[in-house]
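# Coordinate inspection notes
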Amino acid sequence: MQPDVLALEAEYQESLVRAAELKVQLDRARGMVTGKVVPHDSVIEDAAGMAFSRELQERHMRELSASHVGTARCPKCGERCAVDGVKRKVTSGDGPVQRAEPKAFCAGCWLCFATAG
């Protein structure tokens with residue numbers, strides 16, 4: 001593996017450990033952990049995993065949308081049109097996610113279209 005990948009993996013692991021520490025502190029502060037009683041694994045995994053998954057989806061879509069800055073050809077007339085990132089809320093399997101999608105509008109055709117990668 002490349003050195004930058006190894007460094008990113010190490011940082012990622014450290015971040016996961018820190019996120020787990022913060023989640024335990026938050027659970028204690030909310031009263032979810034009292035004495036020797038700990039929430040069931042499925043409760044912990046579901047909440048943390050779903051939040052993590054939603055954040056990943058949002059970030060990937062933001063990066064994808066940012067990579068489409070510029071222009072795209074109208075599928076109807078072929079005119080070059082400006083591409084903008086349009087945000088919309090969608091519901092993924094893990095809950096609501098804010099997605100930024102690359103869209104363009106052709107003033108000549110009055111056509112709004114999604115741009116492909």
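For the structure itself, consult the block above.
Residues numbered from 1 in each chain as written. Predicted model: local features only at pLDDT ≥ 70, side-chain atom pairs only at ≥ 80, totals over all residues. Heavy atoms only, no water.

## A word on the environment of P75
Mapped onto the fold, P75 is located in the loop between strand 1 (70–73) and strand 2 (80–92). According to the relative accessible area criterion, P75 is exposed, its value standing at 60%. It is 9.9 Å that separates the C-alpha atoms of P75 and C112, two residues lying 37 residues apart in sequence. Beyond its immediate stretch of four places on either side in the chain, P75 contacts L111 and F113. (Helix = DSSP H or I, 4+ residues; strand = E, 2+ residues; numbered from the N terminus. Buried < 20%, exposed > 50% of the residue type's maximum accessible area, 1.4 Å probe, protein only. Contact = heavy atoms within 4.5 Å.)

## Comments concerning the sheet that holds strand 1
The strand order across the open sheet formed by 4 strands is 1-2-3-4, and the pairing between neighbours is antiparallel. The sheet terminates laterally at strand 1 and strand 4 (111–114), the two strands that pair on one side only. Along the sheet, successive strands turn relative to each other by an average axial angle of 55°, direction set aside. Two elements, strand 1 and strand 2, share 4 bridges in a ladder whose sense is antiparallel. Paired with R73 across the bridge in strand 2 is R80. (Pairing = 2+ DSSP bridges. Axes fitted to C-alpha atoms, helices over the stretch in contact; angles between N-to-C directions.)

## Digging into a nonpolar patch on the surface
On the surface, a cluster of nonpolar side chains totalling about 340 Å² of accessible area is made up of Y12, L16, F52 and L56. Secondary structure elements with two or more residues in the nonpolar patch: helix 1 (3–29) and helix 2 (41–66). When you line up the elements, L16 lands in helix 1. (Patch = residues over 30% accessible without salt bridge, like charges linked within 9 Å, V, L, I, M, F, W, Y side chains within 5 Å. Areas by Shrake-Rupley, 256 points an atom, 1.4 Å probe, with all protein chains shown as cover. Salt bridge = Lys/Arg side-chain N within 4 Å of Asp/Glu carboxyl O.)

## Describing the pairing of strand 2
Hairpin geometry of strand 1 and strand 2 is characterised by an intervening segment of 6 residues between the two adjacent antiparallel strands and by a positive phi of about 85° at G78. Of the strand pairs in this sheet, strand 2 and strand 3 (residues 95–106) are connected by 10 bridges, and their pairing is antiparallel. When the bridges of strand 3 are listed, G85 appears paired with P102. Turn length for the strand 2-strand 3 hairpin, with the two strands adjacent in sequence and antiparallel, is 2 residues.

## Description of the packing of aromatic side chains
Going through the model one piece at a time under the given rule, you end up with 2 aromatic pairs. Ring centres of Y12 and F52 lie 6.5 Å apart, and the angle between their planes is 45°; this geometry places the pair in the tilted category. Taken together, the residues span a long stretch of sequence, with Y12 in helix 1 and F52 in helix 2 at a distance of 40 residues. A residue is classified by how much of its surface remains accessible, and F52, at 37% relative accessible area, is partly exposed. (Phe/Tyr/Trp six-rings, centres within 6.5 Å; stacked < 30°, edge-to-face > 60°.)

## Overview of the pairing of strand 3
Direction of pairing for strand 3 relative to strand 4: antiparallel, over a ladder of 4 bridges. Looking at strand 4, one finds that K103 is bridged to A114. As consecutive antiparallel partners, strand 3 and strand 4 are separated by 4 residues, and within that stretch W110 has a phi angle of approximately 55°, a positive value.

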